[in-house]
Amino acid sequence: MNISRRSHVWLGRLFASILILPHLQLLPRLSRPPLLPLLPLLPLLSLLNHVSSFDLTPTRSTIAAGEVPIVRLNKIISLEKKMSRRKSDQFIKDGNVKLNNKIVKNPGTHIDVKKDKIKICGKTVNILKTQKMISPNDSSMYKWFVLHKPKGLLCTSDDEKERASIYSLFPQDILDNYRLVSVGRLDRNTSGVLLLTNEYAWVNKLTHPKYQRIRTYRVHIEGAAQMKVLRELAAGVYLPDDDRGGKVKKGMQKGMQKGMQKGMQKGVPKGIQKGFPTGMQKGFPTQPAFIEILRQETIKVKDQVKRVSVLNISVREGRNRQIRKMFEQINQPVIKIKRTAFENITLKDVFFPKQYRELTPREVSDLKARRF
């Protein structure tokens, strides 16, 4: 039952008048005020006036605190079917899910994990197990792995072409008990350090550019490395087809155009000149990077001997194919890219491709606190 605030005020006044009026008639005949026994009731009357509702239905705060085990339907389907939230919404709308033996087509339906029963395509779902994956009470339910990703594997579990993914390297019991997701991605032709976890709240904190998490790569480029060009590259360039696209502010256009003109006068390579925005071109420059020349060597590629420069490059963001696009701006083809570190996590104890291991609690805490 819901009672408005205004109704409470009038009820409080009525209750006070019923208690006080009989005593008002005795005031002339008594030497001391008879209202003193009513003083303890004043806080009760004040509380009654300030209560806004008698509604006992659970609120969002109680649900968030775990007192009422409520979960959205699309979240459960996403975990059970190992699909994205958007695809799980469409899966529900297609009528593939039954709630208490009734077809449900609303992805936002709230599920009581202790009472409700869900069937997916006729198969009963263990909701309690899924709910533990969403919000485990025990910190030991959180798992962190480092994988030495080999070339040729994708970092997605749902590929339209059904190509092999990194999840094929893990035992099925780990995939069933812990819904692992990759912390960022490496493209198909890149190998090296890749983190996986089921502590989803930390995925965005480790991958979003504003947190500036350091990723280190070993890059083999064709030809001799030029220090002058690498300095310009490390300072930041504009990448084509930037996935962080946005309009350049009018006030910044003149400064950018002047910077481009100065760069052309100083002999900046054409590849980098193309990276500077002109007019209303979209994009953001890459954040400053650290580039170190390790060595030069000769390798054999398809029966051809090529001179190769080996570099170490550390960046603070992870845009789509960022390293390859950066070197495209200076017209130096990339032969091989290998991520050697993500913050404090390296290829220690996972020297060979396809190897993986679980991170220690100390490594996880250092990763979160950036102690390295």
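Residues numbered from 1 in each chain as written. Predicted model: local features only at pLDDT ≥ 70, side-chain atom pairs only at ≥ 80, totals over all residues. Heavy atoms only, no water.

**A few points about the overall build of the protein**
Then, number 1: Along the backbone of the protein there are 13 helices and 15 strands.
Then, number 2: Counting only residues that meet the buried cut, the protein has 39% of its 372 residues in that class.
Then, number 3: Across the protein, contacts joining residues at least 24 apart in sequence account for 67% of those joining residues at least 6 apart.
Then, number 4: With the model as given, the accessible surface of the protein reaches about 23000 Å², and the carbon-plus-sulfur share is 53%. (Helix = DSSP H or I, 4+ residues; strand = E, 2+ residues; numbered from the N terminus. Buried < 20%, exposed > 50% of the residue type's maximum accessible area, 1.4 Å probe, protein only. Contact = heavy atoms within 4.5 Å. Areas by Shrake-Rupley, 256 points an atom, 1.4 Å probe, with all protein chains shown as cover.)

**Some points on the pairing of strand E11 (residues 290-301)**
Then, number 1: Here E11 pairs with strand E12 (residues 304-315) via 11 bridges, running antiparallel. Paired with Thr298 across the bridge in E12 is Arg307. (Pairing = 2+ DSSP bridges.)

**Points about the sheet that holds strand E6 (residues 123-124)**
Then, number 1: Judged by pairing direction, the sheet is antiparallel, and its four strands sit side by side in the order E3-E2-E5-E6 without closing on themselves. For this open sheet the edge positions go to strand E3 (102-103) and E6, each flanked by a neighbour on one side alone.
Then, number 2: Pairing analysis gives three bridges linking strand E2 (residues 97-99) to strand E5 (residues 118-120), with the strands arranged antiparallel. Counterpart to Leu99 in the pairing with E5 is Ile118.
Then, number 3: Taken strand by strand, helix H4 (residues 73-81) contacts E2 and E5, and its axis lies near 45° from that of E5. (Axes fitted to C-alpha atoms, helices over the stretch in contact; angles between N-to-C directions.)

**Quick word on unusual backbone geometry**
Then, number 1: We note that Gln212 has phi near 55°; this positive angle belongs to a residue other than glycine.
Then, number 2: For Gln212, the position within the fold is in the loop between helix H8 (201-207) and strand E10 (215-222).
Then, number 3: The backbone of Arg370 shows a phi angle near 60°, a positive value even though the residue is not glycine.
Then, number 4: Mapped onto the secondary structure, Arg370 falls in the segment after helix H13 (361-369).

**A short note on the packing of H4 against helix H5 (residues 85-93)**
Then, number 1: Contact pair H4 / H5: the axes reach a minimum separation of 9 Å and the direction vectors enclose 105°. Classified by the angle their axes make, H4 and H5 are roughly perpendicular. Contact with H4, carried on its side by Leu73, Asn74, Lys75, Ile77, Ser78 and Lys81, involves Arg85, Ser88, Asp89, Phe91 and Ile92 of H5 and no other residues of that element.
Then, number 2: Across the contact of H4 with H5, the residue classes tally to four nonpolar, three polar and four charged. (Parallel < 35°, antiparallel > 145°, perpendicular 65-115°, else oblique. Nonpolar A, V, L, I, M, F, W, Y, C, P; charged D, E, K, R; others polar.)

**Some points on the side chain of Ser191**
Then, number 1: Along the polypeptide, Ser191 turns up in strand E9 (residues 191-197).
Then, number 2: Exposure remark for Ser191: the relative accessible area of 10% places this residue in the buried category.
Then, number 3: Among all residues touching Ser191, those that are not within four sequence positions of it are Lys149, Pro150, Lys151, Leu186, Ile337, Lys338 and Arg339.

**Considering H5**
Since there are 3.6 residues in each turn of an α-helix, residues three or four apart along the chain are aligned in direction.
Then, number 1: Residues of H5 that are buried include every one of Ser88, Phe91 and Ile92, and no others. Burial along H5 is one-sided: seen end-on, the buried residues are contained in an arc of 95°.
Then, number 2: As for H5, its buried residues are in contact with H4, E2 and E5.
Then, number 3: Note on H5: the residue one or two positions beyond its end, Gly95, has a positive phi of about 80°. (Arc of directions from axis to C-beta.)

**Considering the pattern of salt bridges**
Oppositely charged side chains can form a pair if their charged atoms are brought close together.
Then, number 1: Applying the stated rule across the entire model yields 11 salt bridges.
Then, number 2: Glu343 is the partner of Arg213 in a salt bridge, and the nearest nitrogen-oxygen pair spans 2.9 Å. Taken together, the positions of Arg213 in the loop between H8 and E10 and Glu343 in the loop between strand E13 (334-342) and strand E14 (345-346) put the pair 130 residues apart, joining distant regions of the chain.
Then, number 3: According to the relative accessible area criterion, Glu343 is buried, its value standing at 8%.
Then, number 4: Residue Glu222 pairs with Lys306 through a salt bridge whose shortest N-O separation is 3.7 Å. Placement of the pair is Glu222 in strand E10 and Lys306 in strand E12, with a sequence separation of 84 residues.
Then, number 5: Here the salt bridges share partners, and the residues they tie into one network are Arg213, Glu343 and Arg370. (Salt bridge = Lys/Arg side-chain N within 4 Å of Asp/Glu carboxyl O.)

**Looking at the nonpolar core**
Then, number 1: By size, the foremost hydrophobic cluster in this structure holds 36 residues, and its most contacted members are Val219, Ile313 and Phe327.
Then, number 2: Of all elements in the fold, only strand E7 (144-149), helix H7 (172-177), E9, E10, helix H9 (227-235), E12, helix H12 (322-328) and E13 reach the threshold of two or more residues within this core.
Then, number 3: Beyond its immediate chain neighbours, meaning those up to four positions away, Phe327 contacts Val219, Ile221, Leu230, Leu233, Leu311, Ile313, Gln332 and Val334.
Then, number 4: Counting residues in hydrophobic clusters, the runner-up holds 16 residues, among them Ile118, Ile120, Val125 and Ile127. (Core = buried A, V, L, I, M, F, W, Y, C linked by side-chain atoms within 4.5 Å.)

**Notes on the confidence of the model for the protein**
Then, number 1: Across the protein, pLDDT averages 76, with 67% of residues at or above 70.
Then, number 2: Counting contacts from residues 50-68, a segment whose pLDDT is below 50, to residues more than four positions away or on other chains yields 19 contacts.
Then, number 3: Within the model, the stretch residues 245-281 combines pLDDT values under 50 with 42 contacts to residues more than four positions away or in other chains. (pLDDT = per-residue confidence, 0-100.)

**Digging into the pairing of E7**
Then, number 1: Most of E7 is tucked away, with six of its six residues classed as buried.
Then, number 2: Bridging between E7 and E9 involves six bridges; their strand directions are antiparallel. Each residue of the ladder has a partner; that of Val146, found in E9, is Leu195.
Then, number 3: Note: E7 against strand E15 (residues 356-358), three bridges, orientation antiparallel. Bridge pairing links Leu147 to Tyr356 in E15.

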